Amino acid sequence: MAKLTALITGASTGIGRALADEFAAAGHDLVISARDAMALDRVAGEITAKFGVTVTPVPGDLAVQGGGTALAAAIAARDLTIDILVNNAGVGAAGAFAGSDSAAQLGMIDLNDRALVELTLVYWPAMLAAGRGGVLNVASTSAFQPGPLMAVYYASKAFLLSFSEALWEEARGTGVKASCLCPGPTASEFRQRAGTDKTRLVTLGTPMPAAECARLGYAGWAANRRVVVTGGRNRLMAALVPFLPRAMVLKMVRGMMAPL
Ligand SMILES: NC(=O)c1ccc[n+]([C@@H]2O[C@H](COP(=O)([O-])OP(=O)(O)OC[C@H]3O[C@@H](n4cnc5c(N)ncnc54)[C@H](OP(=O)(O)O)[C@@H]3O)[C@@H](O)[C@H]2O)c1
């Protein structure tokens, strides 16, 4: 495969950090982003030392309106071209919608949806014109059904799955890839940050290592698979959910997201 440059958001830790290894191992140069500039510098050093590719850290906050556009402008100011866009940065917020923090809920939409649409608006047309590269969107198994007690997060991931599948169809036959990675529970800082470590979700099994999730995500993207669900049990649930009574699904998810 030709050497391309991949922008990976949320690459300072977790799944994004592991995806950075996958794209670097495939020989691509990287632009990595997150808010923590020191963590990004450390990650850039580690990846360059291990894979010998060029890694440029560009810090930025994507949970503010215009964050995606501002990040793209900061990348353009460094004269960098992006061929592959990995929209990975995301946060969750567990708890009932009533009484939740409005800034956290709206910031989640800005980060999980708006910023990645902003970034895709910037890079997607050039990918189609060049007939190469593509996007890898990191959604979640949350995308397949509504999420009582984590309503906005689940809805934000449903938006991303829908957006991503539509791009896959629009890119058909162009050589440009569009994959949506839907991880189930994965070992990272996500649980603590989102507060799902205090829900019944944690009783449902051991999270998948982030490196395994990223390996599956990269392989799925390289094969231009429209949707990549990690883990056999998650794939089975995602396939079954459309055929189950919605009221039953809602009750099941509510039980899973209930406080311990
Ligand atoms: N872990 C899971 O169980 C799981 C399951 C399904 C889907 N996912 C999805 O996988 C993706 C990665 O999550 P993860 O598990 O790797 O979580 P994580 O360990 O918490 O990492 C999140 C990454 O996003 C960055 N980030 C957070 N807020 C940001 C902001 N406002 N602006 C820019 N970057 C920001 C973080 O860096 P900074 O804090 O330095 O900004 C970090 O690099 C997310 O989209 C998540 O929804 C995770």
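Above this text you will find the structure in question.
Since we're looking at a predicted model, the values are computed, not measured. Position labels on residues start from 1 in each chain and follow its written sequence. Two thresholds apply to this predicted model, a pLDDT of at least 70 for residue-level local features and 80 or more for giving and counting side-chain atom pairs, whereas whole-chain, interface and lining totals are computed over all residues.

S.K.: What should I look at first to understand the nonpolar core in this one?
M.R.: In summary, soluble globular proteins display a tendency toward joint burial of nonpolar side chains. As used here, a nonpolar core is made of buried Ala, Val, Leu, Ile, Met, Phe, Trp, Tyr and Cys residues. They are joined through C-beta atoms within 7 Å. Our exposure labels follow a C-beta count within 10 Å of each residue's own C-beta, placed from the backbone: buried means 20 or more other C-beta atoms, exposed means 12 or fewer, and partly exposed covers the counts in between. With 70 residues, the main nonpolar core has Ile8, Leu19, Ala20, Phe23, Leu30 and Ile32 as its most contacted residues. Tallying contributions element by element places helix α4 (residues 102-130) first for this core, with 8 residues. Excluding residues within four positions of it along the chain, Ile8 makes contact with Gly16, Leu19, Ala20, Phe23, Leu30, Ile32, Val86 and Asn88. Secondary structure elements follow DSSP: runs of H or I of four or more residues count as helices, runs of E of two or more count as strands, with numbering from the N terminus. Each residue gets a C-beta atom placed from its backbone, and two residues are in contact if those atoms lie within 7 Å.

S.K.: Whenever I open this one, helix α2 (residues 37-51) confuses me. Can you help?
M.R.: The periodicity of an α-helix, 3.6 residues per turn, causes residues three or four places apart in sequence to face the same way. Expected helix span is computed as 1.5 Å times (number of residues minus one). In this model α2 runs 21 Å from its N-terminal to its C-terminal C-alpha over 15 residues, within 8% of the 21 Å that 1.5 Å per residue would give. In this structure, the buried side of α2 is in contact with α1 (14-25), β2 (29-33) and β3 (55-57). In the segment just after α2, Gly52 is the residue with positive phi, at about 70°.

S.K.: Got a minute to help me understand the site of the ligand in this structure?
M.R.: Around the ligand, the surrounding shell holds 30 residues, and the nearest of these are Gly10, Gly14, Arg35, Gly90 and Ser188. At 3 residues, α1 tops the list of elements feeding residues into the shell around the ligand. In the shell around the ligand, the residues fall into 14 nonpolar, 11 polar and 5 charged. A molecule or strand has a residue near it when that residue's C-beta atom, placed from backbone coordinates, lies within 6 Å of it. Think of it as three bins: nonpolar holds Ala, Val, Leu, Ile, Met, Phe, Trp, Tyr, Cys and Pro, charged holds Asp, Glu, Lys and Arg, and polar takes everything else, Gly as well.

S.K.: Help me understand α1 in this model?
M.R.: For α1, which comprises 12 residues, the first-to-last C-alpha distance of 17 Å matches the rise-based estimate of 16 Å (1.5 Å per residue) to within 8%. Where burial is concerned, most of α1 is hidden: 11 out of the 12 residues are buried. Restricting attention to buried positions, one finds in α1 the residues Gly14, Ile15, Gly16, Arg17, Ala18, Leu19, Ala20, Asp21, Glu22, Phe23 and Ala24. The first or second residue beyond α1 is Gly27, which carries a positive phi of 95°.

S.K.: Would you mind going over the pairing of strand β6 (residues 177-182) with me for this structure?
M.R.: Among the 6 residues in β6, 6 count as buried, and that is most of the element. In β6, alternate side chains face the same way, and those of Lys177, Ser179 and Leu181 on one face and Ala178, Cys180 and Cys182 on the other are all buried. By the convention used here, strands pair only if DSSP detects at least 2 bridges between them. In the sheet, strand β5 (residues 134-138) pairs with β6 via 5 bridges, with the strands oriented parallel. Each residue of the ladder has a partner; that of Val138, found in β6, is Leu181. Handedness is read with the strands pointing away from the viewer; a crossover is right-handed when the path from the first strand over the helix to the second is clockwise. Taken together, β5, helix α5 (residues 151-170) and β6 form a β-α-β motif whose crossover is right-handed. With 3 bridges connecting them, β6 and strand β7 (residues 227-229) associate as parallel partners. Within the sheet, the bridge partner assigned to Cys180 lies in β7 and is Val227.

S.K.: Please clarify how unusual backbone geometry should be interpreted in this entry.
M.R.: Only a minority of non-glycine residues have a phi that is not negative, and only a minority of peptide bonds are not trans. Despite not being glycine, Leu149 has its phi angle at roughly 75°, a positive value. Take Leu149: it is sitting in the loop between β5 and α5. Even without being a glycine, Asn224 presents a positive backbone phi close to 55°. Among the secondary structure elements, Asn224 is positioned in the loop between α7 (210-222) and β7.

S.K.: Explain the environment of Ile47 here, please?
M.R.: Looking at the element boundaries, Ile47 is found in helix α2. Judged by the 22 C-beta atoms lying within 10 Å of it, Ile47 is buried. Sequence separation between Ile47 and Gly16 is 31 residues; the distance between their C-alpha atoms is 13 Å. The residues contacting Ile47, other than those within four sequence positions of it, are Ala20, Asp21, Ala24, Leu30, Val53 and Val55.

S.K.: Could you clarify how one ought to interpret the sheet that holds β3 in this entry?
M.R.: Pairing between sheet strands relies on hydrogen bonds along the backbone, with the strands arranged either parallel or antiparallel. Strand order in the open sheet formed by 7 strands is β3-β2-β1-β4-β5-β6-β7, with parallel pairing between adjacent strands. Edge strands, defined here as strands with exactly one partner in the open sheet, are β3 and β7. Strand-to-strand, the axes of this sheet are offset by a mean angle of 15°, without reference to chain direction. With 5 bridges connecting them, strand β1 (residues 5-9) and β2 associate as parallel partners. Among the inter-strand pairings, Ile8 is bridged to a residue of β2, identified as Ile32. In the packing of α4 onto the sheet, the strands contacted are β4 (84-87) and β5, and the crossing angle to β4 comes to about 160°. Orientation is described by axes fitted as lines to C-alpha atoms, over the contacting stretch for helices, and by angles from 0 to 180 degrees between their N-to-C directions.

Without other data, these values stay purely geometric and don't point to any function.
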